[in-house]
Amino acid sequence: MFRWLLVILLALVFISWLSPLLRRMGFGRLPGDFRFRWLGRDWDVPLASTLLLSFVVSLITKLL
């Protein structure tokens, strides 16, 4: 269980690090991606983009 939590944490950090690059490519603006302001801070919840990236990564791993 600890390994899965660590993998999820690292994946979230990696995606947040790549967020500006992905946003320039159009990710984060898909229908199903939520953006809102709460407590004076902008929050992004990229549900559709995460599903799309997950699908692409799984296809790449199957091809390799």
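Nothing here was measured: the structure is a model prediction, and the numbers come from that model. (Residues numbered from 1 in each chain as written. Predicted model: local features only at pLDDT ≥ 70, side-chain atom pairs only at ≥ 80, totals over all residues. Heavy atoms only, no water.)

Looking at the element boundaries, Asp-33 is found in strand E1 (residues 33-38). For Asp-33, which is buried and forms no salt bridge, the nearest opposite charge comes from Arg-29, at a distance of 8.1 Å. At 3.0 Å, the side chain of Asp-33 and the backbone nitrogen of Ala-48 are in polar contact. Here the side chain of Asp-33 touches Ser-49 through a polar contact of 2.7 Å, side chain to side chain. Once residues within four sequence positions are removed from consideration, Asp-33 is found in contact with Gly-28, Val-45, Pro-46, Leu-47, Ala-48 and Ser-49. (Helix = DSSP H or I, 4+ residues; strand = E, 2+ residues; numbered from the N terminus. Buried < 20%, exposed > 50% of the residue type's maximum accessible area, 1.4 Å probe, protein only. Lys, Arg positive; Asp, Glu negative; His and termini not counted. Salt bridge = Lys/Arg side-chain N within 4 Å of Asp/Glu carboxyl O. Polar contact = N/O pair within 3.5 Å; in protein donor to acceptor, adjacent residues only side chain to side chain. Contact = heavy atoms within 4.5 Å.)

For the rest of this paragraph, the subject is the pattern of salt bridges. Under the criterion given, the structure shown has 2 salt bridges. The partner of Asp-44 in a salt bridge is Arg-35, with the nearest N and O atoms 3.0 Å apart. Residue classification places Asp-44 among the partly exposed residues on the basis of a relative accessible area of 36%. Classification of Arg-35 as exposed rests on a relative accessible area of 55%. The salt bridge partner of Arg-37 is Asp-42, with a shortest N-O separation of 2.9 Å.

Function cannot be read off these values alone, since they describe shape.
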